[in-house]
Amino acid sequence: MSVCYLNGDWMELSEARISPMDRGFLFGDGAYEVLPAYSGKVFRLDEHLRRLENTLSNLGLPNPMSREAWRDVVRSIVARNPWPDQSIYLQVTRGVAEVRTHAYPAEVTPTVFLMSEALTTPSDEVRAEGVSAVSSADFRWLRCDLKTVSLLANCMLKQLAAEQGCMETVLFRDGFLTEGAASSIFVVHDGVLRVPPKSHLMLPGITYDVVLELARDRGMPCQVREVLEEEVRAADELWMTSSTKEVLPITRLDGRPVGKGKPGPMAAQMGEWYQEFKQEVMRRGG
Ligand code: PDD
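Procedures and definitions
- Once a new chain begins, its residue numbering starts again from 1 and follows that chain's sequence as written.
- Local features in a predicted model are, by the rule used here, given only for residues with pLDDT of at least 70; side-chain atom pairs are given and counted only at 80 or more, and totals for whole chains, interfaces and linings are based on all residues.
- Excluded from the side-chain calculation are hydrogens and water; included are all heavy atoms of the structure.
- Criterion used throughout: strands pair if DSSP finds at least two bridges between them.
- Helix and strand assignments follow DSSP, with helices taken as H or I runs no shorter than four residues and strands as E runs no shorter than two, numbered in order from the N terminus.
- Whether two residues are in contact is decided by their heavy atoms, any of which lying within 4.5 Å being enough.
- Angles here are taken between N-to-C directions and fall from 0 to 180 degrees, while the axes themselves are lines fitted to C-alpha atoms, restricted in helices to the stretch in contact.
- Ring geometry is summarised as follows: Phe, Tyr and Trp rings, the Trp one being its six-membered ring, pair when their centres sit within 6.5 Å, and such pairs are stacked at plane angles under 30 degrees, edge-to-face over 60 and tilted between the two.
- Charge-over-ring contacts are defined here by two conditions on Lys NZ or Arg CZ: a distance within 6 Å of the ring centre and an angle within 35 degrees of the ring normal.
- The rule for a residue being near a molecule or strand is that one of its heavy atoms must lie within 4 Å of it.
- Side-chain atoms alone can form a polar contact between residues adjacent in sequence; in general such a contact is a pair of N or O atoms within 3.5 Å, and within protein one must be able to donate a hydrogen while the other accepts it.
- Every accessible area reported is derived by Shrake-Rupley at a probe size of 1.4 Å, with residue values counting cover from the shown protein chains alone.
- In this classification, the charged set is Asp, Glu, Lys and Arg, the nonpolar set is Ala, Val, Leu, Ile, Met, Phe, Trp, Tyr, Cys and Pro, and all remaining amino acids, among them Gly, are polar.
- The domain limits used here are those given by an automatic or database domain assignment.
- Two parts placed together each lose some accessible area; with a 1.4 Å probe, that loss summed over both constitutes the buried area.
- Should a side-chain nitrogen of Lys or Arg be within 4 Å of a carboxyl oxygen of Asp or Glu, the pair is scored as a salt bridge.

Glancing now at the sheet that holds strand E1 (residues 3-6). Paired through backbone hydrogen bonds, the strands of a sheet run either parallel or antiparallel to each other. Strand order in the open sheet formed by six strands is E2-E1-E6-E5-E3-E4, and the pairing between neighbours is antiparallel. Of all strands in the sheet, those with a lone pairing partner are strand E2 (9-12) and strand E4 (41-42), marking the two edges. In terms of strand pairing, E1 meets strand E6 (residues 111-118) through two bridges, oriented antiparallel. Residue Tyr5 lies in a different strand from E6, and its bridge partner there is Leu114. This element, helix H3 (residues 67-80), spans E1, E2, strand E3 (30-38), E4, strand E5 (86-93) and E6 of the sheet and lies at about 135° to E5.

Next comes the structure, spelled out in structure tokens:
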């Protein structure tokens with residue numbers, strides 16, 4: 001059983017209905033967020049809501065709720081569902097228009113939808129082993145900083161990995177690392193953690209920020225700068241990070257071992273810090 005929220009009402013997920021005229025369905029015209037909750041407490045709630053507000057304002061989509069109302073509805077969906085750890089999916093589309101026209105229709109009411117699933121983060125065994133990835137040219141659009149539901153390019157790119165039994169696709173644009181199909185990508189070289197700076201070519205990851213904060217606070221050498229494709233291929237360590245995968249070492253890229261082909265010491269260290277930080281946040285109350 002899973003309880004969802006649709007336009008002000010709570011219901012069973014299987015009961016939820018939207019119109020085929022919804023612009024999310026017709027055009028992928030909407031914003032979304034994925035938020036983790038641990039032991040019933042939402043992780044980095046305000047940071048996710050700030051990113052949502054930024055996506056909405058860039059799409060010219062009126063924000064249907066205040067920050068406080070968003071906090072309430074997100075906390076409420078966690079309380080109404082049974083799992084201690086949850087992955088909350090939140091979506092706002094421009095709404096249902098009477099006719100299908102590309103330009104934004106006047107006076108439509110945004111559709112607001114939230115659902116939740118049990119969150120299963122990678123097991124200790126998977127973390128200890130690492131995962132495999134493939135690479136591809138990043139053929140997405142030039143507003144990858146917006147978290148929109150127009151995700152077909154990301155789905156196509158992730159499918160490349162799935163077809164080869166891999167977890168992620170690492171993306172390169174014009175010879176530089178951007179990110180993964182659904183994650184941020186970090187590299188380690190000679191004891192230095194590197195990640196590309198935020199730009200319109202990548203999503204500003206919430207986990208990306210947490211990892212950089214932890215590295216800076218705890219003295220792990222790190223650099224935010226452009227990363228060349230060659231540097232990725234010659235990395236000692238490669239990590240993918242996201243709200244649902246946390247910090248996960250990639251140990252094979254395109255069939256070749258990354259570094260020694262085993263998760264490196266810096267991934268293990270960051271993984272530990274991340275788990276500690278989660279515990280600390282939960283003690284403070286989310
Ligand atoms: N995706 N880059 C892309 C393209 C992503 O889709 C995601 C997350 C990230 C990592 O962002 P964060 O650390 O804020 O989760 C980076 C989510 C989990 C998804 O679409 O399911």
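Okay, back to it.
Going through the model one piece at a time under the given rule, you end up with seven aromatic pairs. What links up through ring pairs into an aromatic cluster is the set Tyr38, Phe43, Tyr274 and Phe277. It is Arg94 that lies over the ring of Tyr104; its NZ or CZ is 3.3 Å from the centre. Here Lys278 stacks its cationic end above the ring of Tyr38, 4.1 Å away from the centre of that ring.

To continue, consider the site of the ligand. Around the ligand, the surrounding shell holds 19 residues, and the nearest of these are Tyr32, Glu179, Ile206, Thr207 and Ser243. A distance of 2.6 Å separates an oxygen atom of the ligand from a polar side-chain atom of Tyr32. Measuring from an oxygen atom of the ligand, one finds a backbone N or O atom of Ile206 at 2.8 Å. Taken by itself the ligand offers 480 Å² of open surface, and the protein chains cover 89% of this. Elements represented by at least two residues in the shell around the ligand include exactly E3, strand E9 (176-180), helix H6 (206-218) and strand E13 (237-242). When its residues are assigned to classes, the shell around the ligand shows six nonpolar, nine polar and four charged. Mapping the shell around the ligand onto the domain boundaries places at least three of its residues in each of domain 1 (3-118) and domain 2 (124-284).

A word on the domain arrangement of the protein. Taken as a whole, the protein is organised into domain 1 (3-118) and domain 2 (124-284). Using C-alpha coordinates to define each centre, domain 1 is positioned 26 Å away from domain 2. Opposite the 24 residues of domain 1 that make contact, domain 2 presents 21 residues. Summing the contributions of domain 1 and of domain 2, the shared interface buries around 2000 Å²; its carbon and sulfur component is 64%. Taken together, domain 1 and domain 2 are joined by one salt bridge. Between domain 1 and domain 2 we count nine residue pairs in polar contact (both at pLDDT 80 or more) in total. Looking at the side of domain 1 that touches domain 2, the elements with two or more residues in it are E3, helix H2 (45-58) and E5. No other element matches the seven residues that E3 contributes to the side of domain 1 that touches domain 2.

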